[in-house]
Amino acid sequence: QDVVSVTDNNQVILYASTASQGVFYSDDGDTWQPMDSGLTTTPQADKMGYPHFNDLALSPSFDQDGTVLASGFDGLFKTTDRGDSWAQLDTLPGDIVMALALSPNYARDQTLVALTYVGEAYISRTDGNSWSPMAKGLELPYFTDTFAPISRNDDPRRFQSLAFSPNYAQDNTLFATILNNGVLRYSDSQGWRLQRFEKWERAAAIAPSPNFAQDNTLFVGTQAGHIYRSNGKTFDKVSAIDRQRGNESPFMVVSPDYAQDQTVFVTGAAGVYKTTDAGLSWRAMTAAAEFQDRLKLKLAISPGYAQDRTLWLGTSNGLLQTQDGGDTWTEVATLGNTPYIEAVAVSPSYKDDQTIMVSLRGQGIFRSRDGGRTFAAVGDAAPPLAIVNNFEYGAMPLVFSPDYAQDQTLWGFGAVRGELFKSSDGGQTWQTIALPDAEIFDAYSSHRYSLLSQVLFFFHIYRMTLLKLALACVAGIIGYGLLSIAPGYLKISQLPMRMGAAAMMTGIAIAALFI
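Residues numbered from 1 in each chain as written. Predicted model: local features only at pLDDT ≥ 70, side-chain atom pairs only at ≥ 80, totals over all residues. Heavy atoms only, no water.

We now examine the packing of aromatic side chains. For any pair of aromatic rings, the description rests on two quantities: the centre-to-centre distance and the angle between the ring planes. On inspection of all chains with the given rule, the structure shows 14 aromatic pairs. Consider the rings of Y15 and F62, whose centres lie 5.9 Å apart with planes at 75°: the pair is edge-to-face. Of this pair, Y15 sits in strand β2 (residues 11-18) while F62 sits in helix α2 (residues 62-65); the two residues are 47 residues apart in sequence, bridging distant segments of the chain. The exposure class assigned to Y15 is buried, which follows from its relative accessible area of 0%. Ring centres of Y50 and F73 lie 6.0 Å apart, and the angle between their planes is 40°; this geometry places the pair in the tilted category. Residue Y50 is found in the loop between α1 (43-48) and β5 (53-58), and its partner F73 is found in the loop between β6 (68-72) and β7 (75-79); the two are separated by 23 residues along the sequence. Here the aromatic residues Y15, Y25 and F62 are joined through ring pairs into a cluster of three or more. (Phe/Tyr/Trp six-rings, centres within 6.5 Å; stacked < 30°, edge-to-face > 60°. Helix = DSSP H or I, 4+ residues; strand = E, 2+ residues; numbered from the N terminus. Buried < 20%, exposed > 50% of the residue type's maximum accessible area, 1.4 Å probe, protein only.)

Attention now moves to the pairing of strand β16 (residues 191-195). With five bridges connecting them, strand β15 (residues 182-187) and β16 associate as antiparallel partners. For R185, the partnering residue across the bridge sits in β16 and is R193. (Pairing = 2+ DSSP bridges.)

Moving on, we get to unusual backbone geometry. Its identity as a non-glycine residue notwithstanding, D127 has a phi of 60°, on the positive side. One can find D127 in the loop between β11 (121-124) and β12 (132-133). Taking relative accessible area as the criterion, D127 reaches 12% and is therefore assigned buried. Even without being a glycine, K296 presents a positive backbone phi close to 50°. By the element assignment, K296 lies in the loop between β24 (283-284) and β25 (298-301). The class of K296 is buried, set by a relative accessible area of 10%.

Turning to the environment of L140, a few remarks are in order. As for its placement among the helices and strands, L140 is situated in the loop between β12 and α4 (141-144). Judged by its relative accessible area of 7%, L140 is buried. In this structure the C-alpha to C-alpha distance between L140 and P156, which are 16 residues apart in sequence, comes to 8.5 Å.

On to the side chain of T263. As for its placement among the helices and strands, T263 is situated in the loop between α7 (258-261) and β22 (264-268). The residues contacting T263, other than those within four sequence positions of it, are V254, S255, Y258, K274, T275, T276 and Y305. (Contact = heavy atoms within 4.5 Å.)

Time to look at the environment of L385. Tracing the backbone shows L385 in the loop between β32 (376-377) and β33 (398-400). You can call L385 buried: its relative accessible area is 1%. Distance in space between the C-alpha atoms of L385 and S359 is 6.3 Å, their sequence separation being 26 residues. The contact partners of L385, leaving out residues within four places of it in the chain, are E342, A343, S359, I365, P397, L398, G412, F413, F421 and W430.

Keep in mind these values describe shape, not function.
Okay, here's the thing in structure tokens:
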């Protein structure tokens, strides 16, 4: 609860916010009136155990402008009539980029994909020069199971992370996690298809096996600390680590030599966890006490991990490195005192060029060409390569081209609008590339669907009801046939009687299936 007061014509008036009921007003401290017209809530707050409303702030010129601000889980609200009505302010554009990934065959196919915070996915096959929406399968009824419209704040299609299949050249498959319980699988022919978990939870980190073409293995980590593994068809919860702290999210990397070592790393409350049995069991590789003031953990693994056993861990308080598979970690001292690491990425040619790039909050891009022993600032410090603060995240905002040794290309994101950043000279200079405005794709962005799409939505939304009705009809048909061929006195030869008996059996089946 938050209470603010102001003197108005020599009279003290009070405003109070409550966890779930909104804002109240009093001019005597004894009686209170609700002032909640226009305030909104979201079920997401209840699921996470957070209050719907928090702080209040009065304008310094309240006597003249009657302005009050109220913060809530659903957003920031403003009144200019002393609380009689509230309007929501747009504090978080839905087109903020949340994930970016490059095709494993980027040098040949020039393909990359970008996901925004709410419901938009775009693909470029021209190295970012043109973009197309990946709209198929993202239509809202597939996620809400209803035709009813919802507010953007309640939209379940909030992307978290993205990964290309390592076998993309053959299977044209991508994977993405979303906030609302599930993993999306994309192919050009089918579009996006959602696979839900058994129980609701936030999926954030996603990492395919480098040997995906043979083992079809995909790992997913959730905020609850659960580890899921897929064989390409279903996701099974195979183990768990400690629950993530606050609104932190796991970050996951798979060993490049996974086929032999079955090794995966994931971040969590105790720092870094490691499995060497394909996710069945995990061991904390760091001491939890050392990570009380280190948040926003981001892992990067050496492409030559099988030989050098090297990983880097970016935190809100320094960059750590291990060269023995996680057994011991040392802090990289050349980045200064308590640097906030927004991103850390390793060159795919690390064995030859020993290149690591990091994005430091407020300082820009730093590069090491000696395996992390020393770092130096490189290029323009302006591009904000970062995850929006206090966001769930599972994607690195700095990405090397798979062919970096030849093209010196880097991509990144972090603007508070739908923009990407690209460097073609190893980070020396950057260009800004804007994603398309979703409004130009009218039918998709405004949810005006074709008749065929609406029919498909109908069958999706009412699939269980239609299945039960179909089973009941089958029961009636079977009953009709049995009454026609039954022996002796059980046989009913007259058509009206058989149809009536079959209809009765259908009704009984419907009652049994729907009760």
